[in-house]
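What follows is each chain in one-letter form.
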Amino acid sequence: MSSIAKKIQEQQNEDQQQQQTHQKVVIRKAKISIGEVFLLCALAIMVTFMGVKIVSNQADIYETNKEIQLVETSIEEQGKVNDDLKVQVAELSTYERIWKKAAALGFKLNENNVKGVQ
């Protein structure tokens, strides 16, 4: 055999050996067991549930604060109305006005019937 034929044969042998070594290399993927899948699903469900719960609680807190603000506003408005009514009572209960109203209704002041209260 010529040297060229030997070289070709050697290259073919090397190629076959390389192909055999490539075929022998087996890549194994890490498998996740059923228990780990169950734990991951449980964790995902728990995280989702807690997220929804937090958002729900914040919405409830917001609504409650809104109601509190409305009640405080109505209390302030009612306080203003009460103050206005107190001023009206003070104006309507002056002695001059009472005296005029009594005179208009025909009442007269009799000092003999007036008793002092101590």
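Here is what the cut-offs are and how they apply
Residues numbered from 1 in each chain as written. Predicted model: local features only at pLDDT ≥ 70, side-chain atom pairs only at ≥ 80, totals over all residues. Heavy atoms only, no water. Helix = DSSP H or I, 4+ residues; strand = E, 2+ residues; numbered from the N terminus. Rg over C-alpha atoms; globule rule 2.2 N^0.38 Å. Buried < 20%, exposed > 50% of the residue type's maximum accessible area, 1.4 Å probe, protein only. Areas by Shrake-Rupley, 256 points an atom, 1.4 Å probe, with all protein chains shown as cover. Lys, Arg positive; Asp, Glu negative; His and termini not counted. Charge placed at Lys NZ, Arg CZ, Asp CG, Glu CD. pLDDT = per-residue confidence, 0-100.

**Points about the overall build of the chain**
What the chain contains, in helices and strands, is 3 helices and 0 strands. Computed over its C-alpha atoms, the radius of gyration of the chain comes to 50 Å, more than 25% above the 13 Å expected for a compact globule of 118 residues. In terms of overall dimensions, the chain has C-alpha extents of about 160 × 35 × 25 Å along its principal axes. Looking at the 118 residues of the chain, the share that counts as buried comes to 0%. With an accessible surface of roughly 12,000 Å², the chain has 60% of that area assigned to carbon and sulfur atoms. Distance between charge centroids for the chain: 6 Å, based on 15 positive and 15 negative side chains.

**Some words on the confidence of the model for the chain**
Low pLDDT marks stretches whose predicted atomic positions should not be read closely. Mean pLDDT over the chain: 86, with 91% of residues reaching 70 or higher. For the chain, the element scoring lowest by mean pLDDT is helix α1 (residues 3–24), at 70; helix α2 (residues 34–92) scores highest, at 96.

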